[in-house]
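Examination of the molecular architecture
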Amino acid sequence: MVLAASNGETEGVEEVAGVDFRGHPADKSKTGGWLAAGLILGTELAERIVVMGISMNLVTYLVGNLNLPSAKSATIVTNVLGTLNLLGLLGGFLADAKLGRYLTVAIFATIAALGVCLLTVATTVSTMRPPPCNDVKRQHHECIEASGKQLILLYVALYTIAVGGGGIKSNVSGFGSDQFDITDPKEEKKMIFFFNRFYFFISIGSLFSVVVLVYVQDNIGRGWGYGISAGTMLIAVAVLLCGTPFYRFKRPQGSPLTVIWGVLVLAWKKRRLPFPSQPTFLNGYLEAKVPHTERFRFLDKAAILDENCSKDRAWMVSTVTEVEEVKMVIKLIPIWSTCILFWTIYSQMNTFTIEQATFMNRKIGSIVVPSGSLSAFLFITILLFTSLNEKLTVPLARKLTHNVQGLTSLQRVGIGLIFSIAAMVVSAIVEKERRQNAVKNHTTISAFWLVPQFFLVGAGEAFAYVGQLEFFIRESPERMKSMSTGLFLTTLSMGYFISSLLVSIVDKVSKKRWLRSNLNSGRLDYFYWLLAVLGVLNFVLFLVLAMRHQYKVQHNIKPNDTAEKELVSAKDVIIGVDGKEEA
């Protein structure tokens, strides 16, 4: 099977419409379009069912079935999710540098399928669990924790899923968009609707997981719940492979990470060389596609030509364009750092908030709502606010600011950070009330008191996710759009890792008094207050950095192209919870 153009004559065609699986110029009547994109969407649907079915209910299994402490359980969940998002960089690198999106998605989807099959075994075999523990023993800390041997298969399964999910996450939406030719006005409009459907599939997969799969896991069996996920992913892989003749493929163009690494290494190697008297003596100055700047001047040394290097040897000297692109990426790092804490707060919705629900009244009539299913309010809120932003907030902001964007990307991020702070304040108040009722009055309040914190975090994500994604896409160099999404995904990853770090620090400093398996004996509300305070400090730092940030100059929009450009801009906004767009 050939997935790239075989000669220079087809290279130009490939860049526009791609090639078929034999390497010939793609026939638009037989490849691409909605059929191919629909088959690809199935992989994303399966990925969401697997990941959300695990992340939103895993902590209850770790605490309730494996008898692990709350702090350790929360750390396991956040580490797995953090690794999954971090590995999005690896998936993007492999696709851009060597494999292409199709092979990367197919390989990593197969890995994810293997991982969820292993998870099904790990949660089904009785020898993989310690003896059951009732509430009385749990209250007196007499439960036997799962041993290291019993956890090995679980860890292998979870991190196998993380590897597979990371590769899918960073490439599936880009591969779907490859099925439409952006130079064809009709197909470009179809591609915009593709991202609508992409977002829809994400939401459907997430809601199915937290409503149906979580119920199956809690009431029928973990093996059945994860088995359904495994079957879904295996079917998705089969469908993806069967659709091979219908896809359009793009040849790998090389990873921008290679460019960044090259500039940094060369700048270090040439650090002792003197700067040229004029920047015009730098390699490629006159042909530069990006204007030369004085900021981060030390990187200019990567473009210095000396007697030991030649223009014909790219590995010995960088161009001014490459250096300036790396400078633009470095310029994103300060804002990147202030986006992390939002996802640290968001991660509590996967861990402690779910555990809170297990200590609350979850009955609706005779039906007991699974703890993880309460996460449905999070995704419903995200859908609600995403629609409100596009129908109400953004049009209103356009009228008030006379700005085509309405809200700038950093304004969106700022609003999201405010929502996250409010969520932690509400979480602390609700937890204090829940604990007081449980300890003093021996009563349980309704689990639906958790809905406000799900609502606030969901509203915050509708702003922060879109703002962060738009910021990294707009402000990154033109040929580094794919890497910019990977950079964005690392904020999610670092958010989960910071959560794990905070839990470990708080657990040690408080001498295990704040975070206990029995929340009635701990002070989880203090931990929420800590996150609220950190959120305020982070927001102040964000304001300082945002006011100093100078947006990259965007191309002017012609009057007769305004409507079309707004649709294209909306595409960035509507990518969704895990989407990736490459311009």
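Before reading further, recall that the structure is shown in the block above.
Before going into details, it helps to say that this report is about the structure given with it. (Residues numbered from 1 in each chain as written. Predicted model: local features only at pLDDT ≥ 70, side-chain atom pairs only at ≥ 80, totals over all residues. Heavy atoms only, no water.)

This brings us to unusual backbone geometry. Glycine aside, a negative phi is what most residues show, and trans is what most peptide bonds show. The phi torsion at Phe296 lies on the positive side, around 50°, for a residue other than glycine. If you trace the backbone, Phe296 turns up in the loop between helix 11 (256-269) and helix 12 (320-347). Residue Phe296 is classed as partly exposed on the basis of its relative accessible area, which comes to 31%. Here His442, not a glycine, exhibits a phi torsion of approximately 55°, which is positive. Along the chain, the position of His442 falls in the loop between helix 15 (409-439) and helix 16 (451-475). (Helix = DSSP H or I, 4+ residues; strand = E, 2+ residues; numbered from the N terminus. Buried < 20%, exposed > 50% of the residue type's maximum accessible area, 1.4 Å probe, protein only.)

To continue, consider the nonpolar core. Generally speaking, soluble globular proteins have nonpolar side chains that are buried together. Counting residues in each nonpolar core, the largest one holds 116 residues, and the members touching the most others are Leu62, Met233, Tyr346 and Phe527. Not counting chain neighbours up to four residues away, the residues in contact with Phe527 comprise Gln348, Phe352, Leu502, Val503, Val506, Trp514 and Leu515. Core analysis: the next-biggest nonpolar cluster, separate from the first, contains 13 residues, Ala267, Ala302, Val320 and Val326 among them. (Core = buried A, V, L, I, M, F, W, Y, C linked by side-chain atoms within 4.5 Å. Contact = heavy atoms within 4.5 Å.)

Next up on the list: helix 10 (residues 222-242). For helix 10, with 21 residues, the first-to-last C-alpha span of 30 Å sits near the 30 Å given by 1.5 Å per residue. Along helix 10, the residues classified as buried are Arg222, Gly223, Gly225, Tyr226, Ser229, Ala230, Met233, Ala236, Val237 and Leu240. Along helix 10, the residues classed as buried sweep out an arc of 165° about the axis, all on the same side. Facing away from the buried side of helix 10, by more than 90 degrees, are the exposed residues Trp224, Ile235 and Cys242. (Expected span 1.5 Å × (residues − 1). Arc of directions from axis to C-beta.)

Glancing now at the side chain of Arg362. By the secondary structure assignment, Arg362 is in the loop between helix 13 (352-358) and strand 1 (363-364). With no salt bridge to any partner, buried Arg362 finds its closest opposite charge in Asp218, at an N-O distance of 5.4 Å. Among the polar contacts made by the side chain of Arg362, one reaches the main-chain carbonyl oxygen of Ala357 at a distance of 3.0 Å. Sequence-distant contacts of Arg362, that is, excluding residues within four places in its chain, are made with Ala357, Ile367, Val368, Val369, Pro370, Ser371 and Ala447. (Lys, Arg positive; Asp, Glu negative; His and termini not counted. Salt bridge = Lys/Arg side-chain N within 4 Å of Asp/Glu carboxyl O. Polar contact = N/O pair within 3.5 Å; in protein donor to acceptor, adjacent residues only side chain to side chain.)

Examined against the element boundaries, Leu417 turns out to sit in helix 15. It is 9.6 Å that separates the C-alpha atoms of Leu417 and Ile345, two residues lying 72 residues apart in sequence. Residues contacting Leu417, with those up to four places away along its chain left out, are Thr338, Phe342, Asn538, Phe539 and Phe542.

On the surface, a nonpolar cluster with roughly 280 Å² of combined accessible area is contributed by Phe208, Val211, Val212 and Ile228. Broken down by element, the residue count for the nonpolar patch peaks at 3 residues, all from helix 9 (residues 185-219). For Ile228, the location among the structural elements is in helix 10. (Patch = residues over 30% accessible without salt bridge, like charges linked within 9 Å, V, L, I, M, F, W, Y side chains within 5 Å. Areas by Shrake-Rupley, 256 points an atom, 1.4 Å probe, with all protein chains shown as cover.)

It is worth spelling out the environment of Thr104 at this point. Summarising the element assignment, Thr104 is placed in helix 5 (residues 101-124). Among the residues examined, Thr104 registers a relative accessible area of 0% and is labelled buried. Placed 63 residues apart in sequence, Thr104 and Gly167 show a C-alpha to C-alpha distance of 6.6 Å. Ignoring any residue separated from it by four or fewer positions in sequence, one finds Thr104 in contact with Gly91, Leu94, Ala95, Leu99, Gly167 and Asn171.

Once that is clear, we can look at the pattern of salt bridges. Overall, the coordinates contain 7 salt bridges when judged by the stated rule. Notably, a salt bridge pairs Lys327 with Asp300, separated by 2.9 Å at the nearest N-O pair. Of the two residues, Lys327 sits in helix 12 while Asp300 sits in the loop between helix 11 and helix 12, which places them 27 residues apart along the sequence. Given the relative accessible area of 0%, Lys327 is considered buried. Since its relative accessible area comes to 5%, Asp300 is described here as buried. Across the salt bridge formed by Glu324 and Lys327, the nearest N and O atoms sit 3.0 Å from each other. In this pair, Glu324 and Lys327 are both assigned in helix 12, 3 residues apart and thus about one turn of the helix distant. Lys327 matches Glu324 in its accessibility class, with the two residues each being buried.

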